[in-house]
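So the chains spell out like this:
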Amino acid sequence: MARNSFSGMPMKTPRCEGSALPHLSKVPPSSFNNTHLEKCSWKTLSPLSHCEKVFGWRRRLFSSVKAITVEAPPKKEIVSEGPGVDYDAIVIGSGIGGLVTATQLAVKGAKVLVLEKYVIPGGSSGFYERDGYKFDVGSSVMFGFSDKGNINLITKALAAVGRKMEVVPDPTTVHYHLPGGLSIRVHKEFEDFLVELTSYFPHEKEGILRFYNECWKVFNSLNSLELKSLEEPLYLFGQFFKNPLACLTLAYYLPQNAGDIARKYIKDPDLLSFIDAECFIVSTVNALRTPMINASMVLCDRHFGGINYPIGGVGGIAENLAKGLVDNGGMIFYKANVTNIILENEKAVGVRLSDGREFYAKKIISNATRWDTFGRLLRPEELPKEEEQFQSLYVKAPSFLTIHIGIKEDVLPLGTDCHHFILEDDWGKLEEPYGSIFLSIPTILDSSLAPKGCHILHIFTTAWIDDWKGLSSNDYYIKKEAVADEIISRLEKTLFPGLKEAINFKEVGTPKTHRRFLARDDGTYGPIPRKTPKGLLGMPFNTTSVDGLYCVGDSCFPGQGVIAVAFSGMMCAHRVAADIGLEKRSEILDKGLHQVLRWFRTLA
């Protein structure tokens, strides 16, 4: 569920005066409606800013925000007095997975309500603005944003609701800085990338070609299919008859991992470690624990459709989807904190908000993590056996320590790439907390995100919430600043001499920040396998064991990442549409397929 900023003591006190929310006193109450987001500025709504935290102005800030926030309406206006059906579907949370589900359903004619805890949409794909900087909350590496193929799912989701965003192509997906002096750029053109990689490993040229060719085999199979619900048998049979080879190829690779495929062709330990780093960016685990289908989607789409950054920032994706939802008859309410999923006769029929109000629908879709869905929104004693099985196979992925800084532009060398991955001297630290560093500089592609003469550095590294528990407020702040300083020192030594002196703005977030402002259990970003998985066999799809309840997002098939959660949203919308009569379905075939899928998951 969407929350936007990261806590931390900025180097420059932000402005939180009343003037930061312009002209509120001049807007009549009658003008506020569900589409007001298009007209309002959110420039200083950093939820745990310096002035909120240190000066105690949080109540003052949010009392001002309340005036421009669409809240769930009073019960008498819309909410049933009893357990009637107000909507075809209610979506809990407005992350990309939830918004894709909601918009896809809306364009099919469903009556959809999205309930969002925060004041703008997006979740970890949101944004916040401070001191002239516009920061992406999560990753700035955007897959699925091209104008060709079937895996350009962000483009398709926006187009479905009549929206389009201007993008800037990134000529280099990522620049690796790795042990042993490896400095490898992943160029947009696949052949250029192969030339650069084989220049470091000429003796493994054949193995490199064979591994990445297998990735392309998987990607091309995916890209040849219309991507809808794998839980809908009529769709599956239709795709199989249209393209049986692609379907059989994907079935073959479904239980396989990228690391096993790589080891069939590659022997050099440093090159295998490089493949681990490639997969770590996808899944935060090494190649042996990364499903081949997930790896192939990302390792090939970066060359097929390329990385394309949306002008104005990643947060524009969620904003445009939310506007498109409203344009197509859907509704989205902000400051609507869902605390319970209502069950009747073991069926999900509605939701209850923190203030006691209730909404009812034919289908309930949770964009929260599965741990939040089944551990918080449902009572723990209601945990279905299938969820117990899932949690026996997967644990919560790590969270991140995140640093947003603004810098003077002259500290960056000419020709600096937008995205970097840094692991300086020890392959063994790849998966350790704070071991490897992701770095995005989105102002390389869109200078409008920062004041003139400045750049944004978005730095993040994996971290576990246990490392931040049990600290006093003062010790927490001291540790946060110390860890951030160490990370920045590493970047200064490796990439940008003089970096610290060039900083004019800084915000630091920890796993506790991600938990608090993104409503993610322990700040997690999806599941990772407890042990070596059998590909994607153990990953749950959108339906759950609770009748009427569906899940969407990064703890569902196919997993983490913007393109993956958009895929999850497409699948979920298709399955829900069939279940409410907006798509063709066969009840007999549904039951048979669901039994087969449950059996497959037992093999994991």
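You'll find the chain entered in an unreviewed UniProt entry as prolycopene isomerase, with Araucaria cunninghamii given as the organism. Listed in UniProt under the heading Pathway (unreviewed entry), the comment for the chain reads: "Carotenoid biosynthesis; lycopene biosynthesis." Its UniProt record gives the chain the following Subcellular location (unreviewed entry) comment, quoted word for word: "Plastid, Chloroplast membrane".

Draft legend 1. Representation of the packing of helix H4 (residues 96-107) against helix H19 (residues 562-579) in the model. Packing of H4 against H19 leaves a shortest axis separation of 7 Å and a crossing angle of 35°. Considering how the two elements wind past one another, H4 and H19 form a crossing that is right-handed. Two secondary-structure elements touch here, H4 through Ile96, Gly97, Val100, Thr101, Gln104 and Leu105 and H19 through Val565, Ala566, Gly569, Met570, Cys572, Ala573, Val576 and Ala577. Its residues assigned to classes, the contact of H4 with H19 shows 10 nonpolar, four polar and no charged.

Draft legend 2. How the structure looks around the environment of Phe145. Along the chain, the position of Phe145 falls in the loop between strand E4 (133-136) and helix H5 (153-160). Residues Phe145 and Pro169, spaced 24 residues apart in sequence, show a C-alpha to C-alpha distance of 9.5 Å.

Draft legend 3. Geometry of the environment of Ile281. Structurally, Ile281 is set in helix H11 (residues 269-283). Sequence separation between Ile281 and Ala295 is 14 residues; the distance between their C-alpha atoms is 9.4 Å. Apart from residues lying up to four places away in sequence, Ile281 is in contact with Val174, Tyr176, Phe421 and Phe438.

Draft legend 4. Main features of the pairing of strand E2 (residues 112-115). Side chains Val112 and Val114 of E2 all project onto a buried face; the interleaved residues Leu113 and Leu115 project onto the opposite face, where all are buried too. As paired strands, strand E1 (residues 87-92) and E2 are joined by four bridges and run parallel to one another. Among the inter-strand pairings, Val91 is bridged to a residue of E2, identified as Val114. As for the winding sense of the linkage, the β-α-β connection from E1 through H4 to E2 is right-handed.

Draft legend 5. Seen up close, the packing of helix H8 (residues 233-242) against helix H9 (residues 244-253). Where H8 contacts H9, the two axes come as close as 5 Å, and the packing angle between them is 115°. Along its contact with H8, which presents Gln239, Phe240, Phe241 and Lys242, the element H9 presents Pro244, Cys247 and Leu248.

Draft legend 6. Region of the structure containing empty space enclosed by the protein. Considering all chains together, one arrives at six cavities of 30 Å³ or more under this definition. Here the second largest cavity defines a volume of roughly 120 Å³. Considering the residues around the second largest cavity, the lining is formed by 16 residues, among which Pro291, Tyr394, Pro527, Pro529 and Gln560 are closest to the centre. A per-element tally of the lining of the second largest cavity places strand E19 (residues 527-529) first, with three residues. Taken together, the residues of the lining of the second largest cavity break down into nine nonpolar, six polar and one charged.

Draft legend 7. Broad picture of the pairing of strand E6 (residues 172-178). Burial within E6 is extensive, with seven of its seven residues counted as buried. Judged from the six bridges that link them, E6 and strand E7 (residues 182-187) form a sheet pairing that is antiparallel. The residue of E7 that forms the bridge with His175 is Arg185. With antiparallel pairing between neighbouring strands as the criterion, E6 and E7 make up a hairpin whose turn holds three residues, including Gly180 at a positive phi of roughly 75°. Pairing geometry for E6 and strand E15 (residues 419-422), over three bridges, is parallel. The partner of His177 across the bridge, within E15, is Ile422.

Draft legend 8. Structural detail: the packing of aromatic side chains. Following the criterion strictly, the structure yields 28 aromatic pairs and no others. Plain terms: the ring middles of Phe280 and Phe438 are 5.9 Å apart, the flat faces sit at 15° to each other, and that makes the pair stacked. With Phe280 in helix H11 and Phe438 in strand E16 (residues 437-440), this residue pair connects regions lying 158 residues apart in the sequence. Summarising the burial analysis for this pair, Phe280 and Phe438 share the class buried. Between Phe541 and Phe557, the ring centres sit 4.8 Å apart and the planes meet at 45°, which makes this aromatic pair tilted.

Draft legend 9. Up close: the layout of surface pockets. Roughly 820 Å³ of volume is contained in the largest pocket. In terms of lining residues, the largest pocket is bounded by 30 residues, among which Leu230, Leu236, Cys247, Ala251 and Leu254 are the most central. When contributions to the lining of the largest pocket are tallied by element, the ones reaching two or more residues are H8, H9 and helix H20 (587-602). Ranked by the residues each element gives to the lining of the largest pocket, the list is headed by H20, at seven residues. Considered class by class, the residues forming the lining of the largest pocket number 27 nonpolar, two polar and one charged. Reported here for the second largest pocket is a volume of approximately 430 Å³. Along the wall of the second largest pocket there are 18 residues; nearest its centre are Thr543, Asp547, Asp579, Arg585 and His594. Secondary structure elements with two or more residues in the lining of the second largest pocket: strand E20 (549-551), H19 and H20. The element contributing the most residues to the lining of the second largest pocket is H20, with six residues. Looking at the lining of the second largest pocket residue by residue, the classes come out as three nonpolar, six polar and nine charged.

Parameters and conventions
- Residues numbered from 1 in each chain as written.
- Predicted model: local features only at pLDDT ≥ 70, side-chain atom pairs only at ≥ 80, totals over all residues.
- Heavy atoms only, no water.
- UniProt positions renumbered as here; feature names shortened; annotations may be inferred.
- Axes fitted to C-alpha atoms, helices over the stretch in contact; angles between N-to-C directions.
- Helix = DSSP H or I, 4+ residues; strand = E, 2+ residues; numbered from the N terminus.
- Left-handed = near helix turned anticlockwise from the far one by under 90°.
- Contact = heavy atoms within 4.5 Å.
- Nonpolar A, V, L, I, M, F, W, Y, C, P; charged D, E, K, R; others polar.
- Buried < 20%, exposed > 50% of the residue type's maximum accessible area, 1.4 Å probe, protein only.
- Pairing = 2+ DSSP bridges.
- Right-handed = clockwise from strand over helix to strand, strands pointing away.
- 1 Å grid on protein atoms, 1.4 Å probe; cavity = no way out; pocket = protein on both sides within 12 Å on 5 of 7 lines; lining within 4 Å.
- Points joined across faces, edges and corners; volume = space filled by probe spheres on them.
- Phe/Tyr/Trp six-rings, centres within 6.5 Å; stacked < 30°, edge-to-face > 60°.

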